[in-house]
Amino acid sequence: MSVSRKNIAIIGSGTAGLASAIQLHNNRHQVTLFERFEEPQAIGAGILLQPSGLYVLKSIGLLDQIRSVGSQIDAVRGFNQYGKTVMDLWYRDFKRYLYGVGIHRGQLFQILFNHAKEIGVNIVLGVEVEELSQLSKGHELIANGQKYSFDAIILSDGARSKTRRFLRVKQQAFEYPWGALWKIVEKRPEVNMHELQHCFYKTKKLVGVLPTGIHPQSGEQCVSFYDGIEMNQLDKWYSQTDLTNWQNSLAKLWPVTKNLVTQINSHEDMIAASYVNVSMKRWNDRNLVCIGDAAHGTNPQLGQGANLALFDSWELVHQLELHDSIETAFDEYSKIRMSSLKYYQYTSRFLTLFFQSNYSLLGTLRDTGLPMAQNVKFTYRELLATICGVKGGWIGRLPADKTREVLRGLKD
Ligand SMILES: Cc1cc2nc3c(=O)[nH]c(=O)nc-3n(C[C@H](O)[C@H](O)[C@H](O)COP(=O)(O)OP(=O)(O)OC[C@H]3O[C@@H](n4cnc5c(N)ncnc54)[C@H](O)[C@@H]3O)c2cc1C
């Protein structure tokens, strides 16, 4: 069936918005991408791209570029305060040729943004979308006092979206009590540049080191270093924590961080990140659809944010090719993504209790339970499928054809 080309607006030029814009443009839709920043900047820390996200980037021809500036990650590992290995997940144990890529958010953004510009996506910068209103056919978008009308609008304006309220859908957003302090630092020889590593101390401390590839400004290999923090302790940390004591205690807990934390010269070097949990009954209403963090923001425990956003964009564009009616395409999109997205949301929320919470006992359970789960073939594979981004719900994977496509797609 041939479907008509549509005039589509996208709000927000993050991972979800840019990936959607590129794919829709490639399918000859007329796309206008609105971004509130005048000059989008290559900011943020490291992002872990999983096989699901890498597959989408490959399908739009950007995988080689991504790999050239990222660090190949072979394993996700975690140790407790005694140095015992608690988490030991190797991509190759799922499929021999799989891997993740640690990349600076700025590099991912720049690659997508430059590509969108090169192929001729209409990007309107410095325009904050304030309101959406329904027309007899399509929707109207109001930004900087100007009105624009479209056949459909994709809302990808991040976890703190101000436009998601225009969907007449039950929705809820709340801030997680735990966040992180992070900094990009120079790599050091003792850092394994092919593993995402964590160190846990009960449920009170979660320290992480993610190889992040080439820094967009310095051009040097870098790593993202982060230290989890309860958000109500943030002011105290900035105003009262003795930096040297903090550095020493981290180095004592996890010696690999010793030469990373010494690169932190003041409290202000550490940037605070907070996370929003977003839940929605479904992600579409009429000819509006919400994707990425705006639709299902969560904390980064499972390292899936950018991957879910990329996969959303891929599925959405796919549905728009299958159905001429926008409403049907958006309805199908919501239905197809439902169980996978709910799985990732609930799992992230649930796991947080075992890594960052005030229930210390859960830390002990994690330290004994996770290694046991990894010793059983079935649960180990489920954990790997989760990390790889191909879980389609509590039981099973994404629809078999899609899982096959993702996994085979990365084979060469
Ligand atoms: C500044 C920043 C830094 C981040 N750093 C990290 C990180 O270090 N590690 C990590 O794992 N994840 C990070 N993230 C989150 C990560 O980018 C997302 O989880 C993932 O890429 C999914 O992206 P998204 O496109 O759904 O949303 P986002 O990446 O949040 O993009 C949303 C975009 O919408 C724009 N926008 C918002 N409101 C409007 C509006 N009303 N009108 C027009 N434009 C609007 C925003 O400026 C932004 O460009 C960061 C996000 C941001 C915005």
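Our subject in this report is the structure included herewith. Worth saying up front: this structure is predicted, and the values here are computed from it rather than measured.

Definitions and cut-offs
- Residues numbered from 1 in each chain as written.
- Predicted model: local features only at pLDDT ≥ 70, side-chain atom pairs only at ≥ 80, totals over all residues.
- Heavy atoms only, no water.
- Salt bridge = Lys/Arg side-chain N within 4 Å of Asp/Glu carboxyl O.
- Helix = DSSP H or I, 4+ residues; strand = E, 2+ residues; numbered from the N terminus.
- Buried < 20%, exposed > 50% of the residue type's maximum accessible area, 1.4 Å probe, protein only.
- Pairing = 2+ DSSP bridges.
- Axes fitted to C-alpha atoms, helices over the stretch in contact; angles between N-to-C directions.
- Near = heavy atom within 4 Å.
- Polar contact = N/O pair within 3.5 Å; in protein donor to acceptor, adjacent residues only side chain to side chain.
- Areas by Shrake-Rupley, 256 points an atom, 1.4 Å probe, with all protein chains shown as cover.
- Phe/Tyr/Trp six-rings, centres within 6.5 Å; stacked < 30°, edge-to-face > 60°.

1. Considerations on the pattern of salt bridges
And step 1. One pass over the structure, following the stated rule, counts 15 salt bridges.
And step 2. The residue R160 makes a salt bridge to E175 at a minimum N-O spacing of 3.1 Å. Here R160, found in the loop between β12 (152–155) and β13 (171–175), pairs with E175, found in strand β13; they are 15 residues apart in sequence, far enough to count as distant.
And step 3. You can call R160 partly exposed: its relative accessible area is 45%.
And step 4. Here R337 makes a salt bridge to D312, at a shortest N to O gap of 3.0 Å. Of this pair, R337 sits in helix α10 (residues 326–355) while D312 is found in helix α9 (residues 305–322), placing the two residues 25 residues apart along the sequence.

2. Some remarks on the sheet that holds strand β16 (residues 205–214)
And step 1. Spatial strand order, β6-β5-β15-β16-β17-β14-β18: seven strands in an open sheet with mixed pairing. The sheet is open, and its two borders are formed by β6 (85–90) and β18 (271–273), each paired with just one other strand. Neighbour-to-neighbour, the strand axes of this sheet turn through a mean angle of 20°, independent of strand direction.
And step 2. Relative to strand β15 (residues 195–201), strand β5 (residues 75–80) is paired through six bridges, and the arrangement is parallel. Across the sheet, the residue bridging to V76 is L196, located in β15.

3. Some details on the site of the ligand
And step 1. Neighbouring the ligand are 27 residues; T15, E35, A45, R105 and D293 lie closest to it.
And step 2. In this structure, an oxygen atom belonging to the ligand sits 2.9 Å away from a side-chain N or O atom of R36.
And step 3. One of the backbone N or O atoms of G46 is found 3.2 Å from a nitrogen atom in the ligand.
And step 4. In isolation the ligand has 930 Å² of accessible area, and contact with the protein removes 80% of it.
And step 5. Elements represented by at least two residues in the shell around the ligand include exactly α1 (15–26), β2 (30–35), β3 (46–49) and α9.
And step 6. Here the shell around the ligand gets three residues from one element, more than from any other, and that element is α9.

4. Comments concerning the packing of aromatic side chains
And step 1. This structure, assessed with the given rule, holds 12 aromatic pairs.
And step 2. Between the aromatic rings of Y55 and W314, the centroid separation amounts to 5.6 Å while the plane-to-plane angle is 80°, which identifies the pairing as edge-to-face. Remark: W314 occurs in helix α9 and Y55 occurs in helix α2 (residues 51–59); sequence separation between them is 259 residues. Here Y55 and W314 have matching classes, each one buried.
And step 3. Where F109 meets F113, the ring centres are 5.2 Å apart and the plane angle is 20°; that geometry is what we call stacked. A residue pair is termed a helical-turn pair when its members lie 3 or 4 positions apart in one helix, as F109 and F113 do in helix α4 (residues 105–119) at four residues. Accessibility classification places F109 together with F113 in one group, the buried group.

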